[in-house]
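Examining the three-dimensional arrangement
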Amino acid sequence: MSFVELLARLGGMGRFQVTYVAALAFPLLMLASHNLLQNFTAGIPEHHCRPRPVANNSIGDVPLFVTIPSDDHHRPQRCRRYVEPQWHLLETNGTANGTANGAATEPCHDGWTYRDGVFAHTIISEWDLVCESKKLRQVAQSIYMAGILLGSGLFGVLSDKFGRRALLTWCYLQLGAAGAGTAAAPTFVIYCLCRFLGGLAMAGVSLNSASLCMEWIPTEARAVVGTINGYCYTLGQFVLAGIAFGLPHWRWLQLVVSLPFFFFFLYSWLFVESARWQVISGRPDLALKGLRKVARVNGRKEEGDKLSEEALRALVRREPPMPGGALAALVRTPGMRTVSCGVSFVWFSTSFAYYGLAMDLQGFGVDIYLSQVVFAAVDIPAKLASVLTIGGAGRRVAQAASLGLAGVCILANIIVPTELQTLRMALAVVGKGSLAASFNCAYIFTGELFPTAIRQTGMGLGGTMARVGSMVAPLVRMAADVSPVLPLVIYGAAPIVSAIATGFLPETRNVPLPETV
């Protein structure tokens, strides 16, 4: 009897599995809020230099165009001001009378004035992350992604050693505490540090939630459950847009999306550890208790009572000691090298292109709240198409197709004129939807490719490569200073290359989970 057959005897997708999946899915609602939070907490308000004090006049009495030069769109320049007021620009009626070409300008030595609007209270206006300091906005997001990068590798290895449930419980607590600390951060450095710690915990939540789902549900339900979890992330994007609209102040927004994780921490003590992991780790006594609890909840108590530790030991062949540990096992055999390399390509490019699009909502010239809702809404048909393709054509086809389509849509925007904002937005939305489908498939595909003995380490590899991609994505935006189309070329080429690499991975549709390397 295999472990899959044992789960079927204990109720299959019974009451325990349904409740467990639901309890793991609720926190996923808030993951999107943290990943995409800087679209709102770091929104860039309209701003200009604070004018020089003028003798015998208050600043409010002097027209702005006298002290601040205008840009090509006749708006006050953001980063320069006149060294001396240009009084000759005034007529007797107080309107502009020409320009001050050649007039000396200087940087904003006295700070900036921020206009009230959509982004009246953000980290940009709080710590003046504009002009010479504008790159710190992207650096802050990259530091958060660096936390997820480190957490993916760290919690992947620790989960294979200490268990899924214990690490998940800790990560809920850490994410809540780090989020609350971010909301109270007195300086930008403390803000980045707390975001880094939140990123660490975010990786642990994602990895352990996916593995616990994968290891407690029957084979035929994996694609559906994976898609349900993906839809929870999608719903979380709608939740973020609603909360951000109601709470424009960044500190309150940060706090509200962090507090629920304290509640998740409390109920996570009721979770049952993965019996697969316990048997593989030589703890069949604990696995037996967990399986009997599952049988009782599913109304199969008699089947649970028939189980014994000896039966469980025979159920799963233990992995012999691996020289070099779980990390070395990822590349020890040709099969594992192929899987590890292919998974790395898939996760890097999906996350790289996804965050390249999703973290630049202001760049589309459309209302940012509407953009967030549209970008979230496209996930619904995209993930539905993904699960249908996963179940029908297989994981490999679904993965390659979603990556290829995303790359084509992103590259197509290179040749679309900037005046056609609607078409550019439409292509970006289709591309983002394709990448959401790719994420959906990657979570399912990766969990099925790696054996139980190193599944968390393998998932950690995928998560690590994803965070490398998401960490690099904001920095690639700076390439626009060299050429406006260069970021799109890079964002579009990566998914296409990875779609080709996907063709070398084995198909896992309707195949039992591997247990050993």
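Please read all numbers here as calculations on a predicted model, not as lab measurements.

**Some words on a nonpolar patch on the surface**
On the surface, Val482, Val485, Leu486, Val489 and Ile490 cluster together into a nonpolar patch covering about 360 Å² of accessible area. In this structure, Ile490 sits in helix H23 (residues 486-502). Judged by its relative accessible area of 32%, Ile490 is partly exposed.

**Things to note about the side chain of Arg395**
Among the secondary structure elements, Arg395 is positioned in helix H20 (residues 395-412). Filtering out sequence-adjacent residues up to four positions away, Arg395 remains in contact with Ala223, Ile390, Cys441, Ile444, Phe445, Glu448, Glu507, Thr508 and Arg509.

**Things to note about the confidence of the model for the protein**
Here the protein averages 80 in pLDDT, while 89% of its residues score no lower than 70. When the criterion is pLDDT under 50, residues 92-98 qualifies, and its contacts beyond four places in sequence or with other chains add up to eleven contacts.

**Focus: the packing of helix H21 (residues 421-449) against helix H22 (residues 455-476)**
Between H21 and H22, whose axes approach to 8 Å, the crossing angle comes to 145°. In terms of crossing hand, the pair formed by H21 and H22 is right-handed. For the pair formed by H21 and H22, the contact residues are Tyr443, Thr446 and Gly447 on the first element and Arg455, Gly458, Met459 and Arg467 on the second. Of the residues contributing to the contact of H21 with H22, the split by class is two nonpolar, three polar and two charged.

**Concerning the state of the cysteines**
Throughout the structure, instances matching the rule amount to zero disulfides. Cys213 carries a free sulfur, and the closest cysteine sulfur to it, the one in Cys232, is 9.4 Å from it. Residue classification places Cys213 among the buried residues on the basis of a relative accessible area of 3%.

**Some details on the packing of aromatic side chains**
Counted by the stated rule, this structure contains 21 aromatic pairs. Centroid distance Phe261 to Phe264: 5.3 Å. Interplanar angle 90°. Geometry classified as edge-to-face. Of the two residues, Phe261 and Phe264 are both situated in helix H11 (residues 260-267); the distance of three residues between them amounts to about one turn of the helix. By relative accessible area, Phe261 is classed as buried at 0%. Judged by relative accessible area, which is 6%, Phe264 ranks as buried.

**So, unusual backbone geometry**
Unlike most non-glycine residues, Asp128 shows phi in positive territory, near 55°. Topologically, Asp128 is positioned in the loop between helix H5 (123-127) and helix H6 (135-162).

**What to know about empty space enclosed by the protein**
Taken as a whole, this structure holds six cavities of 30 Å³ or more when the rule is applied. Considering only enclosed or pocket space, the largest cavity measures out at about 460 Å³ in volume. Taken together, 25 residues make up the lining of the largest cavity; nearest its centre are Leu28, Asn229, Gly230, Tyr233 and Tyr443. Each pocket or cavity is described by its volume, and for the second largest cavity that value is around 80 Å³. Forming the walls of the second largest cavity are Ile148, Ser152, Ala203, Ser206, Leu207, Trp347, Tyr443, Met459, Gly463 and Arg467.

**As for H23**
Here H23 is 17 residues long and its end C-alpha atoms lie 25 Å apart, about the 24 Å a rise of 1.5 Å per residue gives. Buried within H23 are the following residues: Pro487, Leu488, Tyr491, Gly492, Ala494, Pro495, Ser498, Ala499, Ala501 and Thr502.

**Considering the environment of Thr105**
Structurally, the position occupied by Thr105 is in strand S3 (residues 105-106). Residue Thr105 is classed as partly exposed on the basis of its relative accessible area of 31%. If sequence neighbours within four positions are ignored, Thr105 has contacts with Pro69, Arg80, Arg81, Tyr82 and Val83.

**Let's talk about the pattern of salt bridges**
According to the stated counting rule, one finds three salt bridges in the structure shown. Between Arg251 and Glu126 there is a salt bridge, with its nearest N and O atoms 2.5 Å apart. With Arg251 in helix H10 (residues 250-258) and Glu126 in helix H5, this residue pair connects regions lying 125 residues apart in the sequence. Between Lys432 and Asp379 there is a salt bridge, and its shortest N-O distance comes to 2.9 Å. Of this pair, Lys432 sits in helix H21 while Asp379 is found in helix H19 (residues 379-392), placing the two residues 53 residues apart along the sequence.

Criteria and thresholds
- Once a new chain begins, its residue numbering starts again from 1 and follows that chain's sequence as written.
- Note on the predicted model: pLDDT of at least 70 is required for a residue's local features to be given, and 80 or more for side-chain atom pairs to be given and counted; whole-chain, interface and lining totals, by contrast, use all residues.
- With hydrogens and water set aside, each side-chain value is computed from the structure's full complement of heavy atoms.
- Patch rule: a residue counts if its relative accessible area is over 30% and it has no salt bridge; like charges are joined within 9 Å, and nonpolar side chains (Val, Leu, Ile, Met, Phe, Trp, Tyr) within 5 Å.
- Using a 1.4 Å probe, the Shrake-Rupley method yields the accessible areas, and only the shown protein chains count as cover for residues.
- Salt bridge criterion: a side-chain nitrogen from Lys or Arg within 4 Å of a carboxyl oxygen from Asp or Glu.
- Per the convention used, a helix needs a DSSP run of H or I reaching at least four residues, while a strand needs a run of E reaching at least two, with both numbered from the N terminus.
- With a 1.4 Å probe rolled over the protein chains alone, any residue whose accessible area is under 20% of its type maximum counts as buried; one over 50% counts as exposed, and the rest are partly exposed.
- Should any heavy atoms of two residues lie within 4.5 Å, those residues are considered in contact.
- Confidence scores labelled pLDDT are given residue by residue by the predictor and lie between 0 and 100.
- Working convention: axes come from line fits to C-alpha atoms, limited for helices to the stretch in contact. Angles between N-to-C directions cover 0 to 180 degrees.
- It is the rotation of the near helix from the far one that decides the hand of a crossing: anticlockwise by less than a right angle makes it left-handed, clockwise makes it right-handed.
- Residues are grouped as follows: nonpolar covers Ala, Val, Leu, Ile, Met, Phe, Trp, Tyr, Cys and Pro; charged covers Asp, Glu, Lys and Arg; every other residue, Gly included, is treated as polar.
- Cysteine sulfur atoms are paired as a disulfide whenever they fall within 2.5 Å.
- For this analysis, a ring pair means two rings from Phe, Tyr or Trp (six-membered ring only for Trp) whose centres lie within 6.5 Å, classed as stacked if their planes differ by under 30 degrees, edge-to-face if by over 60, and tilted for the remaining angles.
- A cavity here means a set of 1 Å grid points, computed over protein atoms only, where a 1.4 Å probe fits but cannot escape. A pocket is an open set with protein on both sides within 12 Å along at least 5 of 7 lines, and lining residues have an atom within 4 Å of a point.
- Grid points are joined across faces, edges and corners, and a volume is the space filled by probe spheres set on the points.
- The span you would expect from a helix comes to 1.5 Å times its residue count less one.

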